[in-house]
Amino acid sequence: MNALTSPPLLQVKDLCKSYAQQTEWAVDHVSFSLGRGEILALLGPSGCGKTTTLRMLAGFEKPNQGQILLKEQDITESPPQKRNIGIVFQDYALFPHMTLLRNVTFAMRHIEKTQQVEKALEWLQLVGLKDYAKRYPHELSGGQQQRVALARTLAAEPELVLLDEPFSNLDAALRESTRKEMRQLFKKAGTSVILVTHDQAEALTFADRVGVMQQGQLVQLNTPQLVYQQPANAFVAKFLGHTNLLQGTAQGLEASTALGRIQLNRDTQGEVQLSLRPEDLYMVASDSDQAALVKEREFRGHDYLYVLEQDGAEYCVITPSHHYFELGSRVELRSERFAAVLPPQMFGA
Ligand SMILES: Nc1ncnc2c1ncn2[C@@H]1O[C@H](COP(=O)(O)OP(=O)(O)OP(=O)(O)O)[C@@H](O)[C@H]1O
């Protein structure tokens, strides 16, 4: 059996959860599967149900209905310690009175005592902290503590690792480097991972596939590129960065819109709602009073985010940071790439 024909490591089928005194589902008929060695991010705003989903996978929360299969075994009712699933929390939860080595060997009760130290040092080596083995958690930076928490989780050799907003306590620079290192580590070790986050940049850079949750439902699950470029609805389009939502009338692979004729990502006819990313628009200085007005400009280091007004509607455009336009000046707005056609039932979402 190869990776394509072998069954997925994890199958989640029609999972539902409502908390006592709540009429709405916190998790609403969620289904997905995870391949071996795959990294999946569950992404969504606060309260969309991602932590509840993770807690059901870990066994800390009981679903009202649905099924969780790990290696084709039904674990829906199994207690957390019987699932062979590791979880890394936001606050690391290291034992403060134990050295890093003890923190890691603590998770290795499945291994002969005589081999624990050697194995634990290997895990610490993997996360780049072997030389710190005799230190205590308070003698480490936040990023280093996070890596120890990860080594401890991996030392238990789980089938699946769950990460609950693991980078949110780190500052911006450390967050970026830690997540890059962690991704490389997971890929090297072939670890299967589910990450929960509300940070779209984190989900897009860290995961092989991104699942976007909205009000308890998994509304889109696909590669980072497709979720970003072909959002399933207006909510996904807006949640993953900035976008311009436009109405248009489509004729095949083109639509006429307030910004003129725009290429579409798929063949369609009639009234459509489109999502046009701000980096896919560009501006050309204009003398015409009818052209778009430069209303706002935000310098963001590697780019500018402009807000323009044309015929009473606002548009956002992201340009390289050397494309400078004065506030109050006029520009012609042109589209450089395809707009994504959104499904009609999501109008107004
Ligand atoms: N223990 C609980 N008791 C009652 N309601 C809860 C409980 N935990 C979560 N909820 C509710 O369930 C819904 C989903 O919450 P959940 O924590 O899963 O969302 P989330 O996407 O992880 O949000 P956040 O990013 O803020 O943690 C929310 O409406 C929340 O208020």
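Residues numbered from 1 in each chain as written. Predicted model: local features only at pLDDT ≥ 70, side-chain atom pairs only at ≥ 80, totals over all residues. Heavy atoms only, no water.

Novice: Explain the site of the ligand to me, please; I cannot follow it from the model alone.
Specialist: Taken together, Tyr 19, Gln 22, Ala 26, Pro 45, Ser 46, Gly 47, Cys 48, Gly 49, Lys 50, Thr 51 and Thr 52 make up all the residues around the ligand. Gly 47 places a main-chain nitrogen or oxygen 2.7 Å from an oxygen atom of the ligand. For the ligand, whose free accessible area comes to 630 Å², the fraction covered by protein is 58%. Across the shell around the ligand, the residue classes tally to four nonpolar, six polar and one charged. (Near = heavy atom within 4 Å. Polar contact = N/O pair within 3.5 Å; in protein donor to acceptor, adjacent residues only side chain to side chain. Areas by Shrake-Rupley, 256 points an atom, 1.4 Å probe, with all protein chains shown as cover. Nonpolar A, V, L, I, M, F, W, Y, C, P; charged D, E, K, R; others polar.)

Novice: I'm lost on the sheet that holds strand S17 (residues 330–335) in this one. Help?
Specialist: Backbone-to-backbone hydrogen bonds join strands into a sheet, with any given pair of strands oriented parallel or antiparallel. Spatially, S13-S17-S14-S15-S16 is the arrangement adopted by the five strands of the open sheet, whose pairing is antiparallel. A single partner strand is all that each edge strand has here, and the edge strands are strand S13 (281–285) and strand S16 (313–320). Pairs of neighbouring strands in the sheet enclose a mean axial angle of 40 degrees, with direction left out of account. (Pairing = 2+ DSSP bridges. Helix = DSSP H or I, 4+ residues; strand = E, 2+ residues; numbered from the N terminus. Axes fitted to C-alpha atoms, helices over the stretch in contact; angles between N-to-C directions.)

Novice: When you look at the environment of Gln 247 in this model, what are you seeing that I'm missing?
Specialist: Within the secondary structure layout, Gln 247 lies in strand S11 (residues 244–257). Distance from Gln 247 to Ser 286, taken between C-alpha atoms, is 24 Å for residues 39 residues apart in sequence.

Novice: Looking at this structure, how should I read unusual backbone geometry?
Specialist: Most of the time, phi is negative for any residue but glycine, and the peptide bond is trans. Phi angles above zero are rare outside glycine, and Glu 157 is one such case at about 50 degrees. Note on placement: Glu 157 falls in the loop between helix H4 (142–155) and strand S7 (160–164). The backbone of Glu 165 shows a phi angle near 45 degrees, a positive value even though the residue is not glycine.

Novice: Explanation requested: the pattern of salt bridges in the structure shown.
Specialist: Oppositely charged side chains are able to pair whenever their charged atoms sit close together. Taken as a whole and judged by the stated rule, the model has 17 salt bridges. Ionic pairing is found between Arg 147 and Glu 181, a salt bridge with its closest N-O pair at 3.4 Å. Of this pair, Arg 147 sits in helix H4 while Glu 181 sits in helix H5 (residues 172–189); the two residues are 34 residues apart in sequence, bridging distant segments of the chain. The salt bridge involving Asp 199 is made with Arg 175; its shortest N-O contact spans 4.0 Å. Here Asp 199 is found in the loop between strand S8 (192–197) and helix H6 (200–206), whereas its partner Arg 175 is found in helix H5, with 24 residues between them in sequence. Connected via shared salt-bridge partners are Lys 17, Arg 55 and Glu 61. (Salt bridge = Lys/Arg side-chain N within 4 Å of Asp/Glu carboxyl O.)

Novice: Mind showing me how you'd approach H5 here?
Specialist: With 18 residues, H5 extends 26 Å between its outermost C-alpha atoms, agreeing within 8% with the 26 Å of an ideal straight helix rising 1.5 Å per residue. Taken residue by residue, H5 has Thr 178, Arg 179, Met 182, Leu 185 and Phe 186 as its buried positions. The buried residues of H5 all sit within an arc of 125 degrees when viewed along its axis, so they share a single face. Along H5, exposed side chains directed more than 90 degrees from the buried face belong to Ala 173, Glu 176, Lys 180 and Lys 188. Contacts made by the buried residues of H5 are with strand S3 (39–43), helix H3 (113–126), H4, S7, S8 and H6. Two residues or fewer after H5 comes Gly 190, characterised by a positive phi angle close to 70 degrees. (Expected span 1.5 Å × (residues − 1). Buried < 20%, exposed > 50% of the residue type's maximum accessible area, 1.4 Å probe, protein only. Arc of directions from axis to C-beta. Contact = heavy atoms within 4.5 Å.)

Novice: Explanation requested: the nonpolar core in the structure shown.
Specialist: Val 104, Leu 124, Leu 150, Leu 163, Phe 186 and Phe 206 are the most contacted members of the largest nonpolar core, which totals 43 residues. Ranked by residue count, the leading element in this core is H4, at six residues. Leave out the neighbours within four places in its chain, and Leu 150 touches Val 88, Val 127, Met 182, Leu 185 and Phe 186. Counting 25 residues, the second largest nonpolar core, distinct from the first, contains Leu 42, Leu 57, Ile 194 and Val 196. (Core = buried A, V, L, I, M, F, W, Y, C linked by side-chain atoms within 4.5 Å.)

Novice: Help me understand the environment of Ser 288 in this model?
Specialist: With respect to the helices and strands, Ser 288 occurs in the loop between S13 and strand S14 (292–299). Since its relative accessible area comes to 31%, Ser 288 is described here as partly exposed. When the C-alpha positions of Ser 288 and Thr 205 are compared, they lie 41 Å apart, and in sequence the two are 83 residues distant. A polar atom in the side chain of Ser 288 sits 3.0 Å from the backbone nitrogen of Gln 290.

Novice: I tried to follow the environment of Asp 208 on my own but got confused; where do I start?
Specialist: Assignment of secondary structure puts Asp 208 in the loop between H6 and strand S9 (209–214). As for Asp 208 and Ile 39, which are separated by 169 residues in sequence, their C-alpha atoms are 5.3 Å apart. Every residue in contact with Asp 208, bar those within four places of it in the chain, is listed here: Gly 37, Glu 38, Ile 39, Arg 183, Lys 187, Thr 223 and Pro 224.

Novice: Just to check I follow, could you spell out the packing of H3 against H4 for this structure?
Specialist: The relative placement of two packed helices comes down to the angle between their axes together with the axis-to-axis distance. Contact geometry of H3 with H4 gives a least axis separation of 9 Å together with a crossing angle of 135 degrees. As far as their axial angle goes, H4 and H3 are oblique. The handedness of the crossing between H3 and H4 is right-handed. Listed contacts from H4 to Trp 123, Leu 124 and Leu 126 of H3 are Ala 151, Leu 154 and Ala 155. Its residues assigned to classes, the contact of H3 with H4 shows six nonpolar, no polar and no charged. (Parallel < 35°, antiparallel > 145°, perpendicular 65-115°, else oblique. Left-handed = near helix turned anticlockwise from the far one by under 90°.)

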